[in-house]
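A look at the structure
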Amino acid sequence: MKAFRTLQFGEAKLESCPIPTPKPGQVRVKIKACSLNFADLLMIKGKYQDTPPPPFTLGLELSGVVEAAAEDVDPTLVGKSVAIFAGQGGLAEYGCFDANLCVPLPSNMSHEHAAAFQIAYGTSHVALDYKANLRAGETLLVLGASGGVGLTAVEIGKRMGATVIACARGSEKLKIAQQAGADHLIDSETEDLRNVVKSLGGADVVYDPIGGDLFRSALRACNPDARILVIGFSGGDVPQIPANHLLVKNVTAIGFYWGAYLKFKPHVLTDSMSRLFSWYEAGDLRPHISHTLPLERAEDALELLRSRASTGKVVVTP
């Protein structure tokens, strides 16, 4: 089979390797789709918090069809379409994964949508609902609003009844955020984020996967008692938070890493995914996939993330 692997940090390439055999507790999946995340770029460099030692196959989340199971696994899983968040292994034609990670797909969900769904929607829903307690009528500011997680934050924020301010770079990306339900748009290339948000009444919740100067401006645009979610630093700059600003305005800074809940509170993720799948089945959520490429073009797919040329999700189909 073919797999896109990191053999040493700083390098990743397509390789031929044996089709794996399931170990106890595992199933083998014929992979139909794998969506890319900013974390994949960090893992190539060895800078992601959950990077395995090389060699390893990239691809945090995937979907496919179970084609074999170990003897200790429920045999009725074989033949089912599933989504899996595994942390690695998705950029390949086949993979073996723990059976308890398999989530059966809703009947109306494609493999491409399933691969693009878990991390992006899961991150935004748990962050906004469980961590920030976003309430109907509040104002949500979403930075990086056309990106993989940012766009889902716009959708979910509207679904939860918030007024959503979307911030992104350029008019084309802002159009995508507007189509997802954003009420107000801010072009981070040409507009002053702090002044515009303040003119709109300030932010009650900030969703920030970018960091850097945008974080600092958003913090200054927060209302008293606001919550600012630290989701990631795709802008490359980890901001230092002035604690006196938090104190004076009663602002809460909340760090959030979705994948960690698998280890210490997995029910938070499973409860969230159940809710999200029900919203998908009802037609309330639709993943935005800007590019779908074959496995042979995995490097091109990663470059779309690296150069910020994509909106929503990039999906690779083995």
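Preceding block: the structure.
Now for a look at the structure at hand. (Residues numbered from 1 in each chain as written. Predicted model: local features only at pLDDT ≥ 70, side-chain atom pairs only at ≥ 80, totals over all residues. Heavy atoms only, no water.)

**Digging into the sheet that holds strand E12 (residues 203-208)**
If you walk across this open sheet you meet the six strands as E11-E10-E9-E12-E13-E14, and the pairing is parallel. The sheet is open, and its two edges are formed by strand E11 (184-187) and strand E14 (252-255), each paired on a single side. Here the average twist between neighbouring strands, direction ignored, is 15°. Sheet strands in contact with helix H4 (residues 148-159) are strand E9 (139-143), strand E10 (163-168) and E12, and its direction is about 165° off that of E9. This element, helix H7 (residues 212-220), spans E9, E10, E12 and strand E13 (222-230) of the sheet and lies at about 155° to E13. (Pairing = 2+ DSSP bridges. Helix = DSSP H or I, 4+ residues; strand = E, 2+ residues; numbered from the N terminus. Axes fitted to C-alpha atoms, helices over the stretch in contact; angles between N-to-C directions. Contact = heavy atoms within 4.5 Å.)

**Quick look at the side chain of threonine 51**
With respect to the helices, strands and loops of the structure, threonine 51 is situated in the loop between helix H1 (38-45) and strand E4 (56-57). Engagement of the side chain of threonine 51 in a polar contact is seen with the backbone oxygen of tyrosine 48, the distance being 2.9 Å. Setting aside its immediate chain neighbours within four residues, threonine 51 contacts Phe9, Met43, Gly46 and Phe56. (Polar contact = N/O pair within 3.5 Å; in protein donor to acceptor, adjacent residues only side chain to side chain.)

**Description of the packing of aromatic side chains**
Summed over all chains, the structure comprises eight aromatic pairs. Between phenylalanine 85 and tryptophan 258, the ring centres sit 4.9 Å apart and the planes meet at 70°, which makes this aromatic pair edge-to-face. Note that phenylalanine 85 is positioned in strand E6 (residues 81-85) and tryptophan 258 in the loop between E14 and helix H9 (261-264), a separation of 173 residues in sequence. Judged on exposure class, the residue phenylalanine 85 and its partner tryptophan 258 are both buried. By way of ring pairs, the aromatic residues Phe117, Tyr121, Phe277 and Tyr280 are connected into one cluster. Residue placement shows arginine 286 over the ring face of tyrosine 280; its charged tip is 4.2 Å from the ring centre. (Phe/Tyr/Trp six-rings, centres within 6.5 Å; stacked < 30°, edge-to-face > 60°. Buried < 20%, exposed > 50% of the residue type's maximum accessible area, 1.4 Å probe, protein only. Lys NZ or Arg CZ within 6 Å of the ring centre and 35° of its normal.)

**Thoughts on H7**
Taken residue by residue, H7 has Gly212, Phe215, Ala218 and Leu219 as its buried positions. Down the axis of H7, the smallest arc covering the buried residues is 105°, so these residues share one side. In this structure, the buried side of H7 is in contact with E9, helix H6 (193-199), E12, E13 and helix H8 (243-249). (Arc of directions from axis to C-beta.)

**Some thoughts on helix H10 (residues 266-281)**
In a regular helix each residue adds 1.5 Å, so 16 residues correspond to 22 Å; H10 covers 23 Å between its end C-alpha atoms and thus fits that length. Listed as buried for H10 are Val268, Leu269, Ser272, Met273, Leu276, Phe277, Trp279 and Tyr280. Relative to the axis of H10, the buried residues are bounded by an arc of 155° and lie together on one face. Those residues of H10 that are exposed and aimed more than 90 degrees away from the buried face are Thr270 and Asp271. On its buried face, H10 is in contact with strand E8 (103-104), helix H2 (111-115), helix H3 (118-131), H4 and H9. One or two positions beyond H10, positive phi appears at glycine 283, with a value near 85°. (Expected span 1.5 Å × (residues − 1).)

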